[in-house]
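Residue-level listing of the chains:
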Amino acid sequence: MSKFWDQGVDSDSEDDVKSSEDADDFKDIVTPGEAGNKYLNKTSDSEGSEDEKRVVRSAKVKRFDEMSATIDQIRNHMKINDWVSLQESFDKINKQLEKVLRVTETAAPPRIYIKALVILEDFLSQTLGNKELKKKMNSSNSKAFNYMKQKLKKNNKIYEAEIEQFRKNPESEAEDEDDEGDMSSEESEPDFIEEVQDVAPVSESDNEDGWQKSGKGPSYIIKKDPSEITWDMVDKKLKEVIAARGRKGTDRVEQVEQLTYLVTIAKTPAQKLEILLHVVSAHFDVTTSLNTHLPVNVWKKCAHSMMAILDILAQHPNIVMSENAEPESENETQKGDDYPGQIRVWGNIVGFVERLDDELFKSLQVIDPHTKDYVDRMKDEPAFLVVAQSVQEYVERIGDTRAAARVALRRLEHVYYKPQEVYEAMRKLGESQKTAEAGAEDTTLVLGTPDLPELSRTMMDDLITLIYKFGDERTKARAMLCDIYHYAIFDDFYTARDLLLSSRLQDGIMNMDILSQILFNRAMAQLGLCAFRTGLITETHACLSEFYAGGRVKELLAQGVQQSRFYDKTPEQEKLERRRQMPFHMHINLELLEAVHLICAMLLEVPNMAANAHDVKKKVYSKTFRRLLDIYEKQAFIGPPENIRDNIMAASRALMKGDWEKAVAIVQGLDIWKLLRKREFAMDMLKSKIQEEALRTYLFTYASSYDSLSLDQLMAMFDLPEGLVHSIASRLMAAEEFHGSWDQPTRCIVPHNVEPTRLQALAIQFVDKLSTLVEMNEFADNARTGGGGGGTDFFSRHKDTQDYVGAVAGKRERGGERGGGGYGRDKNQRGGGERGGGGGGGTGGSYAAGYQSTRYQDAYSSVGRTPYQSGPSGRGGQSDGGGRMGSSENSGMERVLSYGDVLLRRRDVELLHPPNFINDHIIDFFFSYLSSSGSSDVLLVSPSTSFWITNCADARDLAPALAALNLRDRQMLLLPINDSADVEYRSSHGNLERGSHWSLLVFHRPSNSCLHFDSLDGANDRYARSLHARVSELVGSKPRFVSAATPQQENGHDCGAYVMAIAAAVKKGFESDVEEIVKRERSMLILLKVMQGVNDPTVNSFRPVETGQACVILSCVVIASVILSISQFCDKAV
Amino acid sequence: MAQFDQTLKIAPFLDRHLVFPLLEFLQDKGIYPNDQILKAKIELLAKTNMVDYMMDIHRSLYDEVPKEMMDRRAEVVNRLKALEDLAAPLIAFLQNPQMTAELKPERQANLQMLHDRYQIGPEHIDALYQYAKFQFECGNYSGAADFLYQYRTLTINSEKAYSAMWGKFAAEILMQNWSGAEYELGKLKEAMDSKNFSSPLVQVQNRVWLMHWSLFVYFNLESGRHSLIDLFMNDRYLHVIQTHAHHLLRYLAAAFVVCKRKHRGNIKDFIKVIQQEHHTYRDPITEFLECLYVNYDFEGAQRKLQECEDLILNDFFLGRPETDNGYIVYKFRDEFLENARLAMFETYCKIHQRIDIGMLSDKLHMNYDDAERWIANLINFSRLDAKIDSKNGTVVMGVQHTDVYEQAIERTKPLATRTYVLARNIAENLPVRA
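What counts as what
Residues numbered from 1 in each chain as written. Chains lettered and ligands numbered in written order. Predicted model: local features only at pLDDT ≥ 70, side-chain atom pairs only at ≥ 80, totals over all residues. Heavy atoms only, no water. UniProt positions renumbered as here; feature names shortened; annotations may be inferred. Contact = heavy atoms within 4.5 Å. Polar contact = N/O pair within 3.5 Å; in protein donor to acceptor, adjacent residues only side chain to side chain. Helix = DSSP H or I, 4+ residues; strand = E, 2+ residues; numbered from the N terminus. Pairing = 2+ DSSP bridges. Axes fitted to C-alpha atoms, helices over the stretch in contact; angles between N-to-C directions. Parallel < 35°, antiparallel > 145°, perpendicular 65-115°, else oblique. Left-handed = near helix turned anticlockwise from the far one by under 90°. Nonpolar A, V, L, I, M, F, W, Y, C, P; charged D, E, K, R; others polar. Core = buried A, V, L, I, M, F, W, Y, C linked by side-chain atoms within 4.5 Å. Buried < 20%, exposed > 50% of the residue type's maximum accessible area, 1.4 Å probe, protein only. Expected span 1.5 Å × (residues − 1). pLDDT = per-residue confidence, 0-100.

By the naming in an unreviewed UniProt entry, chain B goes by Eukaryotic translation initiation factor 3 subunit E and is assigned to Selaginella moellendorffii. Taken verbatim from the UniProt record of chain B, the Subcellular location (unreviewed entry) comment is "Cytoplasm". We quote the UniProt Subunit (unreviewed entry) comment for chain B here in full: "Component of the eukaryotic translation initiation factor 3 (eIF-3) complex."

Under the annotation held in an unreviewed UniProt entry, chain A carries the name Eukaryotic translation initiation factor 3 subunit C and is attributed to Selaginella moellendorffii. Reading the Subunit (unreviewed entry) entry of the UniProt record for chain A gives the comment "Component of the eukaryotic translation initiation factor 3 (eIF-3) complex." Turning to chain A, the UniProt record has this under Subcellular location (unreviewed entry): "Cytoplasm".

Structure, rendered in structure tokens:
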């Protein structure tokens, strides 16, 4: 950030220097007739600018000093023939060059830089000649040497001419050598002029009489009386200037000046137009990076130039600008004012408008919204609208409707998010700018008044009609979204909703670009707020709930970058995201959004919870709300609510008890409402909604305690009119949510109280058990026959019953979510589900409650080691290679080997062949093999358990669940880590079970440290750290986290093998000599390589094998033999 | 009652000729001043060829016939003649039963045959279409219908065949040949679903037209209301209603009230639609449904029902008078009211345990004894699970709960089959493994 500001300040000061000149230039554009006088002015101007240059001289001197210091370094490095450092210095000097060029505002590199190049070149060729020297260099040095050879060659090509000149004239070098710092500015100027010649040496020779080379400032280009300048001369010069565009070392600012000058001397309107077009592009070139914005004054100049272009186009209707016009088509622009036919000029004014808009947008993104700068910048918006409007008129005039639609969209996007008041303010601003035109030319950009109708709706309608008629798909979709947004702001919910529904945008939005998706999200958020203001709770919730499901509101609305707990973003991602951010004035208040969302969730969820308190298959409206409420209720002490969330939770609790008065008081007391329009209405609406929901909740919760409930009493309790109470209660009865009926003569509700008797409940339970039994039988058979037996009819039936079994499982598991979340998706998953349902009864299935997919249960049950743990794991990610899975499905289920309670299937074993990943079953198998011998101090945790520990949502569940493992008594824990991404991410993307890398975390109690062995360094770091955090809680001490040096894998699929090998080595190592482990890490590489049969000569360069390593070798041999025996077994089985 | 009149909303989606019956109906009802309607008729006729009729109306309005009408008449007659001449060879062929007997089911062969033996080429066939259209414009619907039918069997121009279908459909409606019209409707719908439209908008327009035209058919056929619900509740058509023709909700709602029993499942969806569109469209019928099924506001429903009656009588499609033994009866109205009352009563019973018969008879506009008899009848035909407590003057509802034991039986039922399948699977697999 600071870097950015530095630059910003730099360029600003520069621009200030130039602005006086440029202002003159614009007068030139407006009055082309006075070119002669102007020319005189010009010269005096340029003198003036020379004076000003001296002001920045100190900075210049500094830069030159830096540069010469670097050159000294280079010399020193040469003496000791250190190419590595040379390379660094070279890069450094190139960077410094850029800075110098910026300060001096020239395109030519300073002499001192050229000198450095010459020195380097000489030294390079000298070294190249000297074979002996070259031989002596070590590898890194020679690498750097080769690098330099190429780089220098490339670099020097650019400065070929200068270098030659320098070589011709080494005397001056000798003179300057003593005080390089001082030679700076004076020196650079003559150089610079020569440089300009060099840019176009050919034309120079052709035209020797026409061109002169002296003077300063842009006017030097054509040193001639303006009256003598011909079209050809200007054209030629223009070509030269633009030929330099984009080249390295071309000073962009300088180029702009040159072009601006050319504008003043242009001969025909067409030519002037052509040059102006180049001026605009050159302006845009000033910033190259996508992340920085165009300086404000450059932006304004751009806007001015574009207006000038449009003026020309308006005055000369015979000039046609199109992208199809051949840029090379000769002499089109020579045709003068009176030329009767069409004059074609190459250019894309629409592109310019879009760029201009983008730059405005970018600058608003970057400027701190709490400063005056931001406000000032906002004032340029009407100016942009003027430009856009004129351009749109122009393209409509020439009949390019498609382009018109594009421009219209740009205008639209400046209007759609503005409520009427803001729009009015902008309109007034536009008008006041017009009146103030005379005075304030410098501070605000005045181009005329945008033609803004009184109501923003009118403008929206005009633009949208145009876009619908002519725009392409994306433009239309965006316009539609803007329209929806605008309607939502204006509280026209139904129109907005119907637009959204009839456009069917929500179906296709996932396939659109991210910016449009953001716009869609914004429209949805606004629609939600609008629905809330209209009093439609369900609709509001439908609009907003998705934002809060993943906890990524900020990201979805592009209103700030959210740090995810689960994964870090790469810098590139972050940059991209920053580029998408909305400027502050377009933000939707997130607190308001959250409050509205939570209140709606409360109004829906609280009665729902009351209604289904004892139901297993309950419907959940808002998981987010449930979770928050859970957290809130689990707090040991509930303090007075502070933030919005707490407040609403407190209100929810009151509502759950039917205490609507308190709930209303809390909700209405929120500060945030002052940001809501139609506040009074909303407050009244909230009150009546809360009353209604309180009544419903009350009926659900307490009806069972009554024999009859009098209507009058309910009316009094909830302060509701008779009709409403009757209607609410009747609705509940009719929908059979509430079992009861009216007794009309006595005006009472009679609850039916249809709770089952004990015998009935037991009967139902018994039925449940029976079905589970059948279910399990089917699984057992399925597992045995490899899924082939039942075939499809079994499969489909299974699906039918899944809800049911899930429900049973869920019931047992403290009302968690349905056990079989992803159940029946494929055969693997079924294995998992079975355990969830059947085996979960073991040690205490309750801990599996509340997670999102089968696999936690899966993971959990492997702790208890139930007898059903024979199905392959749910984590097929590493193993399921798409089609492979289908073909080997039947045969792959055969049992190959069972060891203890781990069972290997054919398909697991097949994974051992090289290009496959190893799955958790193999690791599990190997771990139980390892743990079959040795002390109980070491615990090898199975992969699924380890995964569960890492990813389970609530750490508090862990400790009791893992009690059986006696973690606190163990001296060492080995935990495999898999990088299958975080739970929420996966479940929301529907792609489950996709891990791709294994690593190993070892907790070592004697040294109180957690060693992370990762065969792809750092790849699993994040997962390791989260596991480390969990483990720290479990083991009771606070181990430090160490990224242990680990042998690195050579291919993409060996991580699993490494994990096993390392685990074996560590275990053996621990049992023989505890202290040795850390020391031995590196040498294990050799063994692993030996095991893999890799012959790498570099292996020999490591330290000799230490004592105690025999055991490591042994362990590797063990692995090898196990693998071997398994594969032999397979072969036999085949 | 003009506020509920939808003629203006419906007319844009109808053929000119189809609007006539609507105007005539309005004229009878006298909702609008007579001369306004007559003027509307003239305007309507101006673009058709029914010049004589137009002149009649004009005469009745202004007692004179303007010259341009006379001119137009001559022009129409001339044009008719010209078209007739053009299409004459083909018409001659078609009117000869012997010749038409030679036509085979194969279109290409027919065309070839016509061309070879009778020198009837594509231009004649096209002329037939023009002629038929002209006939239609002149009000000769039966002729037009015949020609269009024949044209369709001969033409290879699918666009024109499609519009010939519309023409035939309109002609059938205007001839009040309802079963024929229903047949055409079905064919048209099929054609529409398989046709490629130039833009989605055109497709939507076509659907809107179809639905409007179908009103003529469905409210005149005995089982029409069911078909109407089937058609309108189709997702595609429902979507069109919701976006382009909200006023059709009235007819859908009316149909639902009348045949509620058969469409119990659909009615919930429909209520949702009504709620969704509440802000754009509502009339007494939809509001009645809302009162009954959303708010359970029986008083409100009662009020709405009265409004419904007026509305029905003033609606062309719903309130068409029929003569029965010399009396004018409004069949649909009676049916509607009867069913609406029943629906109210059912819903009322559903949420009540005990109801006072006196109150009930008030609400149902019956006297006490009639109400008791009516309820007793309902109980007898087991449409209502209740008992009358005549001492207290109340109806006591029977309470229904799903029996837990039934549930248990229900759930264990499939287990036997599953076990059987399982056992069979094992048995099947045994030899393989051995």
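For the rest of this paragraph, the subject is the interface of chain A and chain B. Tallying the contact residues gives 42 residues for chain A and 36 residues for chain B. Run the count over chain A and chain B and you get nine residue pairs in polar contact (both at pLDDT 80 or more). Mapped by element, the contributors of at least two residues to the side of chain A that touches chain B are helix 23 (493-503), helix 35 (722-734), strand 4 (740-743), helix 36 (758-785) and helix 37 (791-812) of chain A. Top element by residues in the side of chain A that touches chain B is helix 36 of chain A. It accounts for 14 residues.

Further remarks concern the pairing of strand 4 of chain A. With four bridges connecting them, strand 4 of chain A and strand 5 (residues 748-751) of chain A associate as antiparallel partners. Considered in strand 5 of chain A, the bridge of Trp 742 of chain A is made with Ile 749 of chain A. Count of turn residues in the strand 4 of chain A/strand 5 of chain A antiparallel hairpin: four residues, of which Arg 747 of chain A carries a positive phi of about 55 degrees. As judged from the two bridges shared by strand 4 of chain A and strand 3 (residues 352-356) of chain B, these two strands associate in the parallel manner. The partner of Asp 743 of chain A across the bridge, within strand 3 of chain B, is Arg 354 of chain B.

The axes of two packed helices give the description: the angle between them and the distance between them. All names here are of chain A. In the contact formed by helix 5 (residues 111-129) and helix 7 (residues 139-158), the axes pass within 11 Å of each other and the chain directions differ by 135 degrees. Comparing their axes, helix 7 and helix 5 come out oblique. Considering only the axes of helix 5 and helix 7, their crossing is left-handed. Residue-level inspection shows Tyr 113, Leu 117, Leu 120, Glu 121, Leu 124, Thr 127 and Leu 128 of helix 5 in contact with helix 7, the latter providing Phe 145, Met 148, Lys 149, Leu 152, Asn 155 and Asn 156. Residues that form the contact of helix 5 with helix 7 fall into these classes: eight nonpolar, three polar and two charged.

On to the nonpolar core, then. Counting residues in each nonpolar core, the largest one holds 309 residues, and the members touching the most others are Ile 484, Phe 532, Met 602 and Trp 673 of chain A together with Phe 169, Phe 288 and Phe 336 of chain B. Looking at this core element by element, the count peaks at 14 residues for helix 29 (residues 590-611) of chain A. If sequence neighbours within four positions are ignored, Phe 169 of chain B has contacts with Ala 181, Glu 184, Leu 185, Leu 188, Leu 210, Trp 213, Ser 214 and Val 217 of chain B. Counting 30 residues, the second largest nonpolar core, distinct from the first, contains Phe 64, Ile 71, Leu 124 and Phe 166 of chain A.

Let us now look at helix 16 (residues 349-366) of chain A. Between its terminal C-alpha atoms helix 16 of chain A stretches 26 Å, which fits the 26 Å expected from 18 residues at 1.5 Å a residue. Every buried residue belonging to helix 16 of chain A is among Ile 349, Val 350, Phe 352, Val 353, Glu 354, Leu 356, Asp 357, Glu 359, Leu 360, Lys 362, Ser 363 and Leu 364 of chain A, and all of these are buried.

What follows is about the sheet that holds strand 4 of chain A. Taken in spatial order, the six strands line up as 3(A)-5(A)-4(A)-3(B)-5(B)-4(B) in an open sheet, and their pairing is mixed. Sheet topology places strand 3 (709-710) of chain A together with strand 4 (386-389) of chain B at the edges, where each strand pairs with a single neighbour. Across two bridges, strand 3 of chain A lies against strand 5 of chain A in antiparallel orientation. Its bridge partner lying in strand 5 of chain A, Leu 709 of chain A is registered against Ile 749 of chain A. In this fold helix 35 of chain A packs onto strand 4 and strand 5 of chain A together with strand 3 of chain B, with an angle of close to 140 degrees to the strand it touches most, strand 4 of chain A.

This paragraph deals with the confidence of the model for chain B. With 97% of its residues at a pLDDT of at least 70, chain B reaches an overall mean of 82. Two summary scores accompany this predicted model of the complex, namely pTM at 0.60 and ipTM at 0.76.

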